[in-house]
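# Tertiary structure, described
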Amino acid sequence: MSVWLSGFSAGVLLSVLGLLARLWAGLPYPPQVLFDRLTRLMGTPEVFNWLHQWLGVGQGGKIGAFVGVLFLWLGGLTLLGLMAPLVGSLVLLVGLLVLMPVPWAIGYALFYLLIRLALQPAQKAHQAGRRQALNAIGAGSLLVTLAASGGLFRKVLQGTDQTATPALKAGSPLPEGVVSQEDLYYVSKNLEGFDPVLKEQDWTLKVSGRVNTPQTFTLADLKKLPQKQLELTLNCISNPVGGFLIGNAIWTGFTVRELLNRVGVQQGAKFIIWKAADGYIESLPLGEAYEEDVLLVHSINGEPLNARHGFPLRVLIPGRYGMKQARWITEIELSSTDVPSYWSQRGWDKEAFIKPSSRFDYPEEGKPVPAQQQVELRGVAFAGKTPITRVEVSVDGGKSWMETTLKERRSNHAWTLWSLPWTFEEGIHEVVVRAHAGGKVQTDQTADPLPSGSTGWHRFLVNVS
Ligand SMILES: Nc1nc2c(c(=O)[nH]1)N[C@H]1C(S)=C(S)[C@@H](COP(=O)(O)O)O[C@H]1N2
Ligand SMILES: [Mo]
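Let us look at the pairing of strand β5 (residues 271–276). Of all six residues making up β5, five are buried, and the element is well covered by its neighbours. Bridge count between β5 and strand β6 (residues 281–285): five bridges; the pairing is antiparallel. What sits directly across from W274, in β6, is E282. Here β5 folds back onto β6, and the loop between the two strands holds four residues, one of which, G279, carries a positive phi near 85 degrees. Looking at chain direction, β5 and strand β10 (residues 329–335) are connected through six bridges and run antiparallel. By the bridge assignment for β10, I273 is matched with E333.

Below is the structure:
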């Protein structure tokens, strides 16, 4: 087996065993940590913006970037294979020390050393069997890498066709305008397989920092606090105009204020910091955390949160984009100073105040509409804490506007449903929608989601026949 292939095989073996350790014992996984660090170091969210434009707002861009990091990692390990086993392991150790706590780094490097020693090329004639085994390992490593990258690339491509807005389902047992947990959009800094899957019996919430009595709560403790229900729309800052990264649900939990009263807040505390099981970190000025609708929730639409959407506990902050609202929270710290948050370290707006948006759910982009027949133009509009006061629609590219009917909201923090019956003439028509929030019309100036959320009117051509 060539030195190159042997170095590469050692890299693949280490990566596969590391992945198993990650899945079974939750140990830090170097390519994943590398991905986190690189995305921060690059400080060039334009790369992600470009990936999103190219691959759609689904998971494709993120997976694509991860594949890049994985190749970088495997390439590095292959190069290490050109050094003597001990030297290679020491170089790896130095690299790992930058990425993870000392014990894990040493463990990994030792493991790598063992793999390298085991893969030492067979020299003598009577080692023919060994030579065959090594060749098989080499071939296996190539196959595993091909299969894994093939699978990931397929996901990258699948990520591209997630553009449809999930229709608000007719006949759903949920109230009108409420999206089921299954239909709620999903966004995560992690590859989905790396999202935390927490067990109620192992999970606790620690409240620490500038509090009178630092305490640890179980989920059962927290459910004994006075419970509150709130209908609230969650909106991702990376949602493009007309996009589907927005959803409305009924959440159950308790106020952050209630929790803070239990632990007693000390003088000098100015920020509340959420720390999550996936290393995500976010913060909020303490004053805002006391507002009556800032909730920690464990249920959605009457059912427990699933792992994807944050089991067992996530925070909801009216008026701010989804990135401010940590899932899988394990610790809440009160501090006199603010911390950089996960996405603000990567170029996104730290404050993330929701901007007014409106979209069509009918007609849908790219789908035909019948002529000479009454249809219902409809969609949603949302502006965070600011109420939607009016929604207008144009069927002539913005030359003239019609007022739509708004459905009364059940909550100040829910999106507003709008509709307008209309009969189209045959032909091609450009439809446009714009909302007024707090009496002010939504800006028609288009802006990319990065760094502070997209703006502009949702407009597209419909083919009426
Ligand atoms: N711990 C953690 N919380 C997180 C994130 C994350 O990656 N990790 N992503 C945030 C972002 S960017 C958004 S838009 C919402 C998405 O929540 P959802 O997937 O349940 O809709 O979660 C937020 N909370
Ligand atoms: Mo987001």
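What follows deals with the sheet that holds β10. Spatially, β2-β1-β10-β5-β6 is the arrangement adopted by the five strands of the open sheet, whose pairing is mixed. The open sheet terminates on both sides in strands that have one partner only, identified here as β2 (215–217) and β6. Between one strand axis and the next, the sheet turns through 20 degrees on average, direction left out of account. Sheet topology places strand β1 (residues 205–209) next to β2; three bridges connect them, and they run antiparallel. Bridge pairing links L205 to F217 in β2. Each of β1, β2, β5 and β10 is contacted by helix α9 (residues 256–263), which is oriented at about 135 degrees to β2, the strand it contacts most.

If you check the shell around ligand 1, you find 19 residues, and the closest are Y185, K189, D278, H309 and R314. D278 has a polar side-chain atom sitting 2.8 Å from a nitrogen atom of ligand 1. At a separation of 2.9 Å, a nitrogen atom of ligand 1 approaches a polar backbone atom of Q325. Within the complex, 99% of the 540 Å² of free accessible area of ligand 1 lies under protein. Tallied by class, residues from the shell around ligand 1 come to 11 nonpolar, four polar and four charged.

Now for the packing of helix α4 (residues 60–80) against helix α5 (residues 85–99). The N-to-C vectors of α4 and α5 enclose an angle of 150 degrees; their axes lie 9 Å apart at closest approach. The residues of α5 that touch α4, namely those facing W73, L77 and L80, are G88, V91, L92 and L96. Here the contact of α4 with α5 is composed, by residue class, of six nonpolar, one polar and no charged.

What counts, and at which threshold
- Residues numbered from 1 in each chain as written.
- Chains lettered and ligands numbered in written order.
- Predicted model: local features only at pLDDT ≥ 70, side-chain atom pairs only at ≥ 80, totals over all residues.
- Heavy atoms only, no water.
- Buried < 20%, exposed > 50% of the residue type's maximum accessible area, 1.4 Å probe, protein only.
- Helix = DSSP H or I, 4+ residues; strand = E, 2+ residues; numbered from the N terminus.
- Pairing = 2+ DSSP bridges.
- Axes fitted to C-alpha atoms, helices over the stretch in contact; angles between N-to-C directions.
- Contact = heavy atoms within 4.5 Å.
- Near = heavy atom within 4 Å.
- Polar contact = N/O pair within 3.5 Å; in protein donor to acceptor, adjacent residues only side chain to side chain.
- Areas by Shrake-Rupley, 256 points an atom, 1.4 Å probe, with all protein chains shown as cover.
- Nonpolar A, V, L, I, M, F, W, Y, C, P; charged D, E, K, R; others polar.

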